[in-house]
Amino acid sequence: MTDRSKGSVDRGPKDTPLTAARSRAIELGPEEFRRLGKELVDRLADIQAGIRERPVTVHGTPAQLGALLPAPALPERGTDPEALLAALPDLLFDHSLLNGHPQFYGYVTSSATPTGALAELLAASVNANVGGWQLSPIASEIEKQTVDWLRQMLGMPNGSSGVFVSGGNMANMVGFMAGVRAKMPESIRKKGLASLQKKWLVYASPETHTWIQKAADLFGHGTDCVRAIPVDDELRADPVALASMLREDREQGHRPFLLIATAGTVSTGAVDPLDEMATLAKEHDLWFHVDGAYGGFAAMLPEQRDRFRGLERADSVAVDPHKWLYAPIEAGCTIVRDPAILPGTFAYRPPYYHFDEEEAETNFFEYSLQNTRGFRALKVWLGIRQAGRAGYEELLRGDIALARELYDRMQGRPDFEAFTHGLSIATFRYVPEHLDLAGSEREKYLNELNEALLEAVKKAGELFVSNAVLGGAFVLRACIVNFRTTTDDVRAVPDLIAKHGKKLHESRTEWRKRGE
Ligand SMILES: *Cc1c(COP(=O)(O)O)cnc(C)c1O
């Protein structure tokens, strides 16, 4: 800068030249990097080798864990990175819920691929900003290819496009926003939703994940705009009921604009009738968004094709590679049929962005809410290349078969009731033999017992399941998105759970008798 500059100039200490040595607070030389990296990978390999012997769950209150961390004051001086890195694997693995354990069946959280961990190291090393093509040429092309491979897994039409985001919530929200842009008047970009005359309505079943409430609230629509589609016995949206809701709402002068289907619900793995819903969306000029965060990838299995028919007609689909493609967290993706819709939704072009207008260069900052973006696609791209479509088909098919095995085992036992099996989710509850209760008393007792049982199972640490509430019944829920789980693992589950159930029931029975 010269004195002629009108901007302010921050002048540093003029006479102290800065040399390469100034980086020593944070730099690792190549030899040190090699050594520390190898030591870390060695330790991680040992931990992986012994993962079966570890408990799935861990104990410790926030205060107890906090006490394991450094003193609360911001560290004044640095510490030798070798010592820091040597201590970290044990700190983390001794105090984490191990979703890479073969007996982990909780939520929709998968075991993570080891190559995914290496890909994260690579992605961080190249440190690509996959917001602008010029900032990340090869990374941008890899992301584009990965999105297209995911599109092929889902069977969506050639020419669709998409973007990586942090997870399913964000992927669904991007789909929601695309629907707003596509269906609502362009003028709301400037004037906001308050300028609209009609009530603009969204349709989703009550089995939809809570992202829909978050989206409706945060984007200013309000949660009242979400209309609940009734569900059938298998907890799938009822298209006949939906059709009459749409007709009635139109007659009232409202404007339905967004239809949401779920392909693999969180509670039971139910897949909404996508084809019928796609037809209704077309008839009523609705944006058709499919939440396939958990189940979407099962569409690639030939034996599931009927169940997923209509997915290819969606305007937008959310999927979560960090679920059923076993990518390390975080990796979500939105795929849209119309490649112009994401830039149409998210692009603003202020003067300080000088990227080449050349069409072939995709600038992903124009595809979602983010500006600077990490290289999330790499671990997913690597996983797809490592396993191939055939490899993933086998893995997904295996998870589904294991959930079926678990459901069948539970059904065959006198001390369990099996509830549902959908995709790779099985739900069931423990029912003590010769239980002398009936009706609502029985239900109440079983709810309390199974709630306590869930806690007891978590505490014991031999396996991890989560829960669902189905028609008022508190049930245990195993969701298998775990390439490490074997048939033997699953066959061990009923006994592992029953022994705690029996103990809890016995102590409760004693207790009741004493109270009498
Ligand atoms: C997991 C899940 C979500 C939320 O995804 P995150 O990756 O946790 O943000 C949304 N919908 C469904 C159906 C899911 O299974």
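Residues numbered from 1 in each chain as written. Predicted model: local features only at pLDDT ≥ 70, side-chain atom pairs only at ≥ 80, totals over all residues. Heavy atoms only, no water.

Remarks on helix α4 (residues 114-126)
Link 1 in the chain: An ideal rise of 1.5 Å per residue puts 18 Å on 13 residues; α4 measures up with 19 Å between its terminal C-alpha atoms.
Link 2 in the chain: All of the buried residues along α4 are Gly 116, Ala 119 and Ala 123. Looking down the long axis of α4, one finds its buried residues gathered within 55 degrees of arc, a one-sided arrangement. For α4, the exposed residues set more than 90 degrees away from the buried face come down to Leu 122 and Ala 124.
Link 3 in the chain: Looking at the packing, one finds that the buried side of α4 touches α14 (377-411).
Link 4 in the chain: Of the residues flanking the end of α4, it is Asn 127, one or two places downstream, whose phi is positive at about 50 degrees. (Helix = DSSP H or I, 4+ residues; strand = E, 2+ residues; numbered from the N terminus. Expected span 1.5 Å × (residues − 1). Buried < 20%, exposed > 50% of the residue type's maximum accessible area, 1.4 Å probe, protein only. Arc of directions from axis to C-beta. Contact = heavy atoms within 4.5 Å.)

Let's talk about a nonpolar patch on the surface
Link 1 in the chain: A surface patch of nonpolar side chains, about 370 Å² in accessible area, is lined by Phe 33, Val 41, Leu 118 and Leu 121.
Link 2 in the chain: Those elements that place two or more of their residues in the nonpolar patch are α1 (30-49) and α4.
Link 3 in the chain: Inspection of the secondary structure puts Val 41 in helix α1. (Patch = residues over 30% accessible without salt bridge, like charges linked within 9 Å, V, L, I, M, F, W, Y side chains within 5 Å. Areas by Shrake-Rupley, 256 points an atom, 1.4 Å probe, with all protein chains shown as cover. Salt bridge = Lys/Arg side-chain N within 4 Å of Asp/Glu carboxyl O.)

Observations concerning the pattern of salt bridges
Two side chains carrying opposite charge are able to pair once their charged atoms lie near each other.
Link 1 in the chain: On inspection of all chains with the given rule, the structure shows 35 salt bridges.
Link 2 in the chain: Close ionic contact of Asp 249 with Arg 227 constitutes a salt bridge, the shortest N to O distance being 2.8 Å. Placement of the pair is Asp 249 in helix α9 (residues 239-251) and Arg 227 in strand β4 (residues 226-228), with a sequence separation of 22 residues.
Link 3 in the chain: For Asp 249, a relative accessible area of 5% translates into the label buried.
Link 4 in the chain: Taking the shortest distance from any N to any O, the salt bridge between Glu 417 and Arg 442 comes out at 2.8 Å. With a gap of 25 residues between them, Glu 417 in strand β9 (residues 416-422) and Arg 442 in helix α15 (residues 439-460) connect regions that are remote in the sequence.
Link 5 in the chain: Residue classification places Glu 417 among the partly exposed positions, given a relative accessible area of 24%.

Overview of the site of the ligand
Link 1 in the chain: Neighbouring the ligand are 13 residues, the closest being Gly 168, Asn 169, Asp 291, Asp 320 and Lys 323.
Link 2 in the chain: Contacts to the ligand include Asn 169, whose backbone N or O atom sits 2.8 Å from an oxygen atom.
Link 3 in the chain: The contact in question runs from an oxygen atom of the ligand to an N or O atom on the side chain of Asp 320, over 2.6 Å.
Link 4 in the chain: Burial of the ligand by the protein chains amounts to 84% of its free accessible area of 380 Å².
Link 5 in the chain: The leading source of residues in the shell around the ligand is helix α6 (residues 168-183), at three residues.
Link 6 in the chain: Of the residues in the shell around the ligand, the class split is three nonpolar, seven polar and three charged. (Near = heavy atom within 4 Å. Polar contact = N/O pair within 3.5 Å; in protein donor to acceptor, adjacent residues only side chain to side chain. Nonpolar A, V, L, I, M, F, W, Y, C, P; charged D, E, K, R; others polar.)

Describing the sheet that holds β4
By definition, the strands of a sheet pair up through backbone hydrogen bonds, in either a parallel or an antiparallel sense.
Link 1 in the chain: One open sheet holds the seven strands; their spatial order is β2-β8-β7-β6-β5-β3-β4, and the pairing between them is mixed. Pairing within the sheet leaves two strands with one partner each, and these edge strands are β2 (161-165) and β4. Going across the sheet, the axis of each strand differs from the next one's by a mean of 20 degrees, ignoring polarity.
Link 2 in the chain: Bridge analysis of β2 against strand β8 (residues 332-336) gives five bridges, and the strand direction is antiparallel. Counted as the bridge partner of Val 163 is Thr 334 from β8.
Link 3 in the chain: Helix-sheet contacts for helix α5 (residues 137-154) involve β2, β7 (316-319) and β8, and the interaxial angle to β2 is about 110 degrees. (Pairing = 2+ DSSP bridges. Axes fitted to C-alpha atoms, helices over the stretch in contact; angles between N-to-C directions.)

Thoughts on the domain arrangement of the protein chain
Link 1 in the chain: Each assigned domain of the protein chain is listed with its residue range as follows: domain 1 (129-375) and domain 2 (389-515).
Link 2 in the chain: Computed over C-alpha atoms, the centres of domain 1 and domain 2 are 33 Å apart.
Link 3 in the chain: Contact residues are listed per partner, giving 25 residues for domain 1 and 22 residues for domain 2.
Link 4 in the chain: Together domain 1 and domain 2 conceal approximately 1,800 Å² of surface at their shared face, both sides included; 67% is due to carbon and sulfur atoms.
Link 5 in the chain: The interface formed by domain 1 and domain 2 holds one salt bridge in total.
Link 6 in the chain: Note that Glu 303 is salt-bridged to Arg 397, the shortest N-O span being 2.6 Å. (Domains from an automatic or database assignment. Buried area = accessible area lost by both parts, 1.4 Å probe.)

Topic: the sheet that holds strand β12 (residues 473-479)
Link 1 in the chain: Taking strand neighbours across the sheet as the criterion, the five strands line up as β1-β11-β12-β10-β9 in an open arrangement whose pairing is mixed. A single partner strand is all that each edge strand has here, and the edge strands are β1 (104-105) and β9.
Link 2 in the chain: Sitting on the sheet, α14 is in contact with β9, β10 (425-430) and β12, with an inclination near 155 degrees to β9.

Remarks on the side chain of Ser 466
Link 1 in the chain: Of note, Ser 466 is situated in strand β11 (residues 464-470).
Link 2 in the chain: You can call Ser 466 buried: its relative accessible area is 3%.
Link 3 in the chain: Apart from residues lying up to four places away in sequence, Ser 466 is in contact with Tyr 105, Gly 106, Tyr 107, Leu 454, Val 475, Leu 476 and Arg 477.

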